[in-house]
Amino acid sequence: AVATCLARSSLNSRIMATCYDSPTPEYDIDATAGVCTRDESFFGDTYVLPQAAGYGIVIGFGVFFSLVTGLILKANQRYGGVNVSSEYFNTAGRNVKTGLTASVIVSQWTWAATLLQSSNVAYQYGVSGPFWYASGATIQVLLFGMLAIQVKRYAPNAHTIVEIIDARWGANVAKVFTVFCFMANVIVSSMLVLGGAATVNALTGMSTTVAGFLIPIGVIAYTMTGGLKATFLAGYIHTAIIFSILIIFIFIVYAGDESKGIGSADNVYNLLNRLSTATATECTGRLANKQNCGYVAKNEAGSYLTMLSEGGMIFGIINIVGNFGTVFVDQSYWQSAIAAKPSSSTKGYLLGGLVWFTIPFALATAMGLATVALDLPVTSAEAGAGLVPPAIAAHLMGKGGAVAITIMLFMAIVSTGSAEQIAVSSLISYDIYRKYINTNATGEDILRVSRYGVVFFGVFMGFLSLILDEIGLSLGFVYLMMGIFIGSAVMPISFVLTWDKANATGAVCGAITGLILGLVTWIATASGLEGKVNIDTLGMNYPMLAGNVVAICSSGLVHAAMSFMAPQNFDFSTLNARIQLIDDTLPAFEDDDDSNPKVLEEHFKWIQKWGWGFTFIMIIVWPCLSLLAGCGTPTGCGVFNKGYFNLWVAIALIWGTVATVVIICLPVYESWSEISNTLTGLISNDDVHLRMDIIDSKLDSLLKAGNLGESGNKLSKTPGYRAKLLAGKL
């Protein structure tokens, strides 16, 4: 559609005289009796970018990040004293600071759906969609901070959540939750390949099958080499790029050039109001093509500018339930908690959640609403496939916008894809290989199997894209159904580190019962309301809502009831002794914030207060305050007037700008000492390092031969010894 705009210029002059006064007449193709006929879809059979651009981005960035993270890790090993053992590969040394922890949380939680589905719900429901996407998926990260500090208090030796479940409830329960954890990884990965492949295909014409294979495979190299720390370093770079592009997009929409019809909150407001009041005659052609036009069904006054949206609220509930599953049941979030310093686990998750909020909120408030305001001919099928942001990016910025959104999407996919690969490899190596195949596995064995696991799941994600494409599932469908399949595991997993009475039988019965009841409710509701069961009826709001709510609630009720009847009364102080380290020791923390049990308990109380506090504000206070918008003005209560919408946009712009600065600068500031050590080592005489490496090697051999034990080991394993020596810090 974009490629043919100029060719229609002669026709447009004729159409504008008789058509609905669209801000984008370049997409009009006919006008008869005052009815404006639009392009049948935005993308159609034309592509904004050449196919080579798709291959260049997918393959080029994969190679680039493999080289960059590989070089950083090598420098860190050489000048920072890092030893990539199996423990380090899967836990990143367990001393990651607040800024990097927050950055990692943002990168892991920024899926393809974060960028694509959030704008889809803005396209469907108006301002309520981005808000409920953002708030409904932020609170899980904020609340997970409580579990993160509990890991540090009671299970600092842990590598996986399944290992913790095994230590408390036994191997049989662990097997059940291993299945749920793998299911969570598969669901998240399916959304990555669905959203990524659809977008790359729509913009470049690159085959969805090829894109589905190349996208996950592109991150295998650096994940397999450097493990969790490589994932963290790459995740920081991905996050920085995502926020940089996000800022560009939101300022173009709300503070940019007005020649495209937008450029200010006032312009967007006026255009949204105009479209929602379009007549049935004006909308005939658009509605036939399943494009947005006219009032929004079951929104207050049919407006896009209201939080009183039945569809938006239903989506919000589904979103909250489903995302509890994809945080609490996903091993990657437990891995980040395990990797963080104790004092950083609570702060990192709280900061990460608040920073992440701005991505769906600000981006979708800009891109999703701008797509509707400009009356782009995006169909419901294109929106369901996640193509709203690519459409508006291509319209506003042409090829530059298409490249920017593709890069942004690729950053989101590979950051989460890498986290999912390392998460699955940890489950395979610790909870399957060491538990059932080789109980005497050494660190080298675990490291080897972990790397095999990364390769296995990367390739599996490629085949998964083929299966999903064949079935015909969309990104939106998978996003809404995820809570039905994994939501029933949320409450038992929440109880494992927080409730001493929770018992093993209740955990298994709750999880399995919740899954079965959720599936039955989902199918029965679709059948009862629509009279048939297929992908379309199962994907409707009420069946999805019923299935999601029943899955999580029934599970919690069953587990709680059985635990009250036969409480376990577990002593959490015994938990860590049941979990074994392989080839490393826990880091020695000198600060009370990281080592004093009483201080760690204070951290738990702190995150309880702020986690629940922000949750209450985001899902109760903020929506309720928005109901007063418009009161005393011609718009009426519940519908945004122009002043309130300007405030709403200002919050999005300010939050986005502050979040961008914090998430890019804080990790660098906190790690500047290590960065400066490495830089000093890189620019110093490398021959000195080489000679000291040789001396260290010879000393190690002599001390080992002399059986001098620990005193010998410490000499050559002092972290950053050579770099610190040259920097004058020893």
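A. Molecular detail of the packing of helix H11 (residues 265-276) against helix H15 (residues 342-373). In contact at an axis separation of 8 Å, H11 and H15 are set at 50° when each is read in the N-to-C sense. Classified by the angle between their axes, H11 and H15 sit oblique to one another. Once H11 is placed against H15, the crossing between them reads as left-handed. Contacts between H11 and H15 involve Val-268, Leu-271, Leu-272 and Leu-275 on the former and, on the latter, Leu-369, Val-372 and Ala-373. Partitioning the contact of H11 with H15 into residue classes produces seven nonpolar, no polar and no charged.

B. Representation of the pattern of salt bridges in the model. Throughout the structure, instances matching the rule amount to five salt bridges. Residue Lys-605 is joined to Glu-602 by a salt bridge in which the shortest nitrogen-to-oxygen separation is 3.9 Å. On the criterion of helical spacing, the pair formed by Lys-605 and Glu-602 is a turn pair, its members being three residues apart in helix H25 (residues 597-626). With a relative accessible area of 47%, Glu-602 lands in the partly exposed category.

C. Quick peek at the state of the cysteines. Counting across every chain of the model gives one disulfide. Disulfide pairing is shown between Cys-631 and Cys-637; the S-S distance is 1.9 Å. Because the torsion about its S-S bond is 135°, the bridge between Cys-631 and Cys-637 counts as right-handed. Judged by its relative accessible area of 33%, Cys-631 is partly exposed. Note on Cys-637: relative accessible area 44%, which makes it partly exposed.

D. Structural detail: the environment of Ile-516. Examined against the element boundaries, Ile-516 turns out to sit in helix H21 (residues 504-530). Looking at Ile-516, the relative accessible area reads 47%, which means it is partly exposed. Sequence-wise, Ile-516 and Ala-551 are 35 residues apart; in three dimensions their C-alpha atoms are separated by 7.8 Å.

Reading the values: the criteria
- Residues numbered from 1 in each chain as written.
- Predicted model: local features only at pLDDT ≥ 70, side-chain atom pairs only at ≥ 80, totals over all residues.
- Heavy atoms only, no water.
- Axes fitted to C-alpha atoms, helices over the stretch in contact; angles between N-to-C directions.
- Helix = DSSP H or I, 4+ residues; strand = E, 2+ residues; numbered from the N terminus.
- Parallel < 35°, antiparallel > 145°, perpendicular 65-115°, else oblique.
- Left-handed = near helix turned anticlockwise from the far one by under 90°.
- Contact = heavy atoms within 4.5 Å.
- Nonpolar A, V, L, I, M, F, W, Y, C, P; charged D, E, K, R; others polar.
- Salt bridge = Lys/Arg side-chain N within 4 Å of Asp/Glu carboxyl O.
- Buried < 20%, exposed > 50% of the residue type's maximum accessible area, 1.4 Å probe, protein only.
- Disulfide = S-S within 2.5 Å.

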